[in-house]
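# Fold and geometry: a report
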Amino acid sequence: MSSTPTIQSSLSLQEFWRWLGFHFNCILRAGGPGFLVYDQPDLHWHLVTDPDGLLVVQLIKGKDTLAEFYVNPTEILYVTSTPGEEEQALFELHGDPEEGELPLYHFLLAHPYEDEEPIPQRRLTH
């Protein structure tokens, strides 16, 4: 029985966060320790960096914030990307391996990472 190797690549958190800012409408699911948030047609994702440097991820319906979590960039050493079903890609944010092997956070996107220059004022949707 042969198995197909999983293709995995890594990038910096800064690289990933910048790219994710142009692909926030492509997020299908996000999660971390003890929580999992799914996208829905009438919801949208909002990503910002707060004044203290924390990365803020919000899932919003109208003017109501339904879910919110913070990523401390000092805890993230690297981000891995693994192909998922169809065109999807799983991005996992990893911390210190001494603290545990599981990723601290993850994002499932509708497509893989593309090393591209973003087009100003254009939001990509899927």
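Before reading on, note that the structure itself is shown above.
The structure contained in this document is the topic of the report that follows. Only a predicted model underlies this, so the values are computations on that prediction, with no experimental measurement involved. (Residues numbered from 1 in each chain as written. Predicted model: local features only at pLDDT ≥ 70, side-chain atom pairs only at ≥ 80, totals over all residues. Heavy atoms only, no water.)

### Re the overall build of the protein
- Across its full length, the protein carries 1 helix and 9 strands.
- Along the chain direction, N to C, the helices and strands of the protein fall in the order β-α-β-β-β-β-β-β-β-β.
- Across the 126 residues that make up the protein, the buried fraction comes to 36%.
- Taking as baseline every contact in the protein between residues at least 6 positions apart, the subset at least 24 positions apart corresponds to 44%. (Helix = DSSP H or I, 4+ residues; strand = E, 2+ residues; numbered from the N terminus. Buried < 20%, exposed > 50% of the residue type's maximum accessible area, 1.4 Å probe, protein only. Contact = heavy atoms within 4.5 Å.)

### Here's the deal with the environment of Ile-60
- In this fold, Ile-60 is placed in strand β5 (residues 55-61).
- By relative accessible area, Ile-60 is classed as buried at 10%.
- Considered as a pair, Ile-60 and Trp-45 are 15 residues apart in the sequence and their alpha carbons are 6.2 Å apart.
- Ignoring any residue separated from it by four or fewer positions in sequence, one finds Ile-60 in contact with Asp-42, Leu-43, His-44, His-46, Thr-65 and Leu-66.

### Some remarks on the packing of aromatic side chains
- Inspection of every chain in the model, using the stated rule, returns 8 aromatic pairs.
- Seen in terms of ring centroids, Trp-19 and Tyr-113 are 5.1 Å apart; in terms of plane orientation they differ by 55 degrees. Their pairing is tilted. On the criterion of sequence distance, the pair formed by Trp-19 in helix α1 (residues 13-20) and Tyr-113 in the segment after β9 (105-109) is long-range, its members being 94 residues apart.
- Overall, the relative accessible area of 23% leaves Tyr-113 in the partly exposed class.
- What links up through ring pairs into an aromatic cluster is the set Phe-16, Trp-19, Phe-35, Phe-69, Phe-91, Tyr-105, Phe-107 and Tyr-113. (Phe/Tyr/Trp six-rings, centres within 6.5 Å; stacked < 30°, edge-to-face > 60°.)

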